[in-house]
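Fold and geometry: a report
Letter by letter, the chains look like this.
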Amino acid sequence: MEGFEGMDVVLAALSRAFCSPLAVFVQIQGCFICLTLAIGWTFAAFVRNKAIKKIENNEKNGNSFAFVCEDINDLEHSSQLKLPRVSVVMPLKGFGEHNLQNWRSQITSLYGGPLEFIFVVESNKDPAYHAVSKLISDFKDDVEAKVIIAGLSTTCSQKIHNQLIGVEKMHKESKYVLFLDDDVRLHPGTIGALTAEMEKNPEIFIQTGYPLDLPSGSLGSYCIYEYHMPCSIGFATGGKTFFLWGGCMMMHADDFRNDLYGIVTGLRDGGYSDDMTLAAIAGQHKRLIWSPPVAVFPHPLASDLSFSRYWNYLRKQTFVLESYVSKVNWLMNKALFSSHCYLSWGFCLPYVMAAVHLAVLLRAPYTSEILLIEASNSSSGLWLVSALLICTLLELTSMWNLTKVEIHLCNILSPEEPRVSLNSYNWGLIFLAMLVDNFLYPVSAIRSHFSQSINWSGIRYYLKDGKINKIERLKEKGANYTDLAWKHLYGKKTGPSRNSFISSLSRSLAQWHQPKKYDV
């Protein structure tokens, strides 16, 4: 009983402290953070819903290919002949659970113009090299694709090195270059939609999109989903945005050929993060970043994604704030660092305080501790807990609604793919992931700040003055695999199915519009 009496005294003291003006401010602030996220997700759902209604209305008006293009007349032969050439550059690293399906979705695009795919690997020892080579050989008569061996990076991250080598090898007549990560699952009309926006608005400097995570069931996968969801608000604008995701970026090919604004130099000479570097350059020169409402991509997470791999992923995400290309970029990153850390712990602390208030209410009937009984009789704690509960429910409901809308949009844009369902989401784990992720983000960010180094897929990068100045290649087991897709599937690789309507239509378009696709 003495142990419980000591606990009662601590609970009473904490409850009084958590009713102080500063503590009340922290708890009200937590409610406002929840409501701000709820409003942001509501707006994002509205933008995505408009895209859905537009597609459904076009289908009602007789456009059976509304998931590919808004105007069915754009599929006329005369229109397709005018489409510009696009080079798709995909830096690869390792071979995981969903890579084959992702690559297949990329090369079976229904884009009717000249199109080439450039897969770039570090060496022919990379597991991705053999897997993608087999995929290309299966589609050799239908698509223009090749694998490039980039060699080892010495002045920048391996991903950026692969991207720049891919740009060097792209077709001399390519008007646009599209960078894709190997975990991006494209829709049949994605490349056409992005190209149409670039043609419609030449002021666009970079066009981007964002993934919709499909958690596999582990806490780590839900933490990654929760980490991405607040960021998705900035990509669901239906147009102009200040955010950029390196998994999908379309740019003017000539910008790289001419090293406009020093983008090639900035990436090559010490660049760690492709999207943060390019976003900083776009902001510095007041150039337009565009995110169309249909640019949302299903991103299935590995079925064996452990919590340690989530932590490694989070470390890489926070580490990007330590890299910069200019003084202004450094200031912006520090502002992001400070605000994100403050808001993350500002989100978590009210739940700790609410747990204490609830513990006091539950313990009071079974104790003789006067201070605890008096604390339980105070209505302040109960009101604060009730307010936080309501705001949390509103936040989760808004997140659920946005996820439902984006799943529906993905199903419409990829009608032949297996239907994605909301039923597999565990909302209890999502709430837990919200607390875990927001608690760990400042820990990871602070560690990144003081370490100034990161292990990315078996390569350790060291920063100095915001740029990579040292690279160490580590011989660690599993280093050839990505954090989000670590599964070994060498004995399970199968050739892609080529019997679907979309696949056959994409091959027909390739043969129709690219009769000389192997001429360089």
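1. Points about the sheet that holds strand β13 (residues 467-473)
One open sheet holds the 3 strands; their spatial order is β11-β12-β13, and the pairing between them is antiparallel. Two strands close off the open sheet at either side, each with one partner strand: β11 (453-456) and β13. For this sheet the average axis-to-axis angle between neighbouring strands, irrespective of direction, equals 25 degrees. Inspection of the sheet shows strand β12 (residues 459-464) paired to β13 by 6 bridges, in the antiparallel sense. Looking at β13, one finds that L463 is bridged to I468. Its contacts with the sheet put helix α12 (residues 307-319) on β11 and β12, and the angle it makes with β11 is roughly 130 degrees.

2. Structural notes on the pairing of strand β4 (residues 176-180)
Across the 5 residues that make up β4, a large majority, 5, are buried. Two strands pair when backbone bridges link them, and strand β1 (residues 86-91) and β4 are joined in this way by 4 bridges, in the parallel orientation. By the bridge assignment for β4, V88 is matched with L178. By the bridge criterion, 5 bridges tie β4 to strand β8 (residues 248-252) in an arrangement that is antiparallel. By the bridge assignment, L180 is partnered in β8 with C248.

3. Notes on the sheet that holds strand β2 (residues 115-121)
Pairing between the strands of a sheet comes from backbone hydrogen bonds, and it takes one of two forms, parallel or antiparallel. If you trace the 8 strands from one edge of the open sheet to the other, you get β3-β2-β1-β4-β8-β5-β9-β7, paired in mixed fashion. Where the open sheet ends on each side, the last strands, each with one partner, are β3 (144-149) and β7 (240-241). Note that strand β5 (residues 204-208) and β8 share 3 bridges and pair antiparallel. Bridging from a neighbouring strand, I206 pairs with M251 of β8. Relative to β8, helix α7 (residues 190-200) is tilted by about 40 degrees, and along the sheet it contacts β1, β2, β4, β5, β8 and β9 (288-290).

4. Looking at the nonpolar core
Core analysis: the largest hydrophobic core is formed by 63 residues, its most contacted members being Y272, Y425 and I430. With 12 residues, the top contributor of residues to this core is helix α15 (residues 379-413). In this structure Y272 touches S157, I160, K316, F319, V320, S323, I454, W456, Y461, L463 and I468, once residues within four positions along its chain are discounted. M90, L135, I136 and A145 belong to the second largest nonpolar core, which has 39 residues in total.

5. Section: the packing of helix α2 (residues 21-60) against helix α8 (residues 219-235)
At a minimum axis distance of 9 Å, the contact between α2 and α8 shows a crossing angle of 55 degrees. Here α8 runs oblique to α2, going by the angle between their axes. Of the two possible hands of crossing, α2 and α8 adopt the one that is left-handed. Where α2 abuts α8, its residues L37, G40, W41 and R48 lie against M229, P230, S232, I233 and F235. Looking at the contact of α2 with α8, its residues break down into 6 nonpolar, 2 polar and 1 charged.

6. Description of the pairing of β8
Most of β8 is tucked away: 5 of the 5 residues are buried. Residues of β8 alternate between two faces, with C248, M250 and H252 on one and M249 and M251 on the opposite face, all of them buried.

7. A closer look at the side chain of S157
Counting through the fold element by element, S157 comes out in the loop between β3 and α6 (158-169). On the basis of relative accessibility, which here comes to 1%, the residue S157 falls in the buried class. When sequence neighbours within four positions are dropped, the list of residues in contact with S157 reads G271, Y272, W456, Y461 and I468.

8. Notes on unusual backbone geometry
The residue D259 is not glycine, and still its phi comes out positive at about 50 degrees. Residue class for D259 comes out partly exposed when judged on its relative accessible area of 26%. A positive phi angle, near 55 degrees, is found at D465, a position not held by glycine. Locating D465 in the fold gives a position in the loop between β12 and β13. The exposure class of D465 is exposed, given its relative accessible area of 58%.

9. Concerning the packing of aromatic side chains
If you walk through the whole model with that rule in mind, you get 20 aromatic pairs. Here the aromatic rings of F65 and F67 are separated by 6.2 Å at their centres, their planes lie at 35 degrees, and the arrangement is tilted. The class for F65 is partly exposed, based on a relative accessible area of 22%. On the accessibility criterion, F67 (10% relative accessible area) is buried. For the ring pair Y210 and W245, a centre distance of 6.0 Å and an interplane angle of 70 degrees mean the geometry is edge-to-face. Residue Y210 is found in strand β6 (residues 210-214), and its partner W245 is found in the loop between β7 and β8; the two are separated by 35 residues along the sequence. The class for W245 is buried, based on a relative accessible area of 15%. Put simply, the rings of Y210, F235, F243 and W245 pair up and form one aromatic cluster. The residue whose ring lies beneath K327 is W330, and the NZ or CZ to ring-centre distance is 4.3 Å. For K334, the ring lying beneath its charged end belongs to F337, and the centroid distance is 5.7 Å.

10. Structural notes on the environment of N329
Positionally, N329 belongs in helix α13 (residues 327-363). The exposure class assigned to N329 is buried, which follows from its relative accessible area of 10%.

11. Some points on the pattern of salt bridges
Going through the model one piece at a time under the given rule, you end up with 13 salt bridges. A salt bridge links R48 to E406, with the nearest nitrogen and oxygen atoms 3.2 Å apart. Taken as a pair, R48 in helix α2 and E406 in helix α15 lie far apart in primary sequence, 358 residues in all. The salt bridge involving D181 is made with K159; its shortest N-O contact spans 3.0 Å. Taken together, the residues D181 in the loop between β4 and α7 and K159 in helix α6 connect sequence positions 22 residues apart. Residue D181 is classed as buried on the basis of its relative accessible area of 16%. What you see here is one network of salt bridges that share partners, running through K159, D181 and D274.

Thresholds applied
Residues numbered from 1 in each chain as written. Predicted model: local features only at pLDDT ≥ 70, side-chain atom pairs only at ≥ 80, totals over all residues. Heavy atoms only, no water. Pairing = 2+ DSSP bridges. Helix = DSSP H or I, 4+ residues; strand = E, 2+ residues; numbered from the N terminus. Axes fitted to C-alpha atoms, helices over the stretch in contact; angles between N-to-C directions. Contact = heavy atoms within 4.5 Å. Buried < 20%, exposed > 50% of the residue type's maximum accessible area, 1.4 Å probe, protein only. Core = buried A, V, L, I, M, F, W, Y, C linked by side-chain atoms within 4.5 Å. Parallel < 35°, antiparallel > 145°, perpendicular 65-115°, else oblique. Left-handed = near helix turned anticlockwise from the far one by under 90°. Nonpolar A, V, L, I, M, F, W, Y, C, P; charged D, E, K, R; others polar. Phe/Tyr/Trp six-rings, centres within 6.5 Å; stacked < 30°, edge-to-face > 60°. Lys NZ or Arg CZ within 6 Å of the ring centre and 35° of its normal. Salt bridge = Lys/Arg side-chain N within 4 Å of Asp/Glu carboxyl O.

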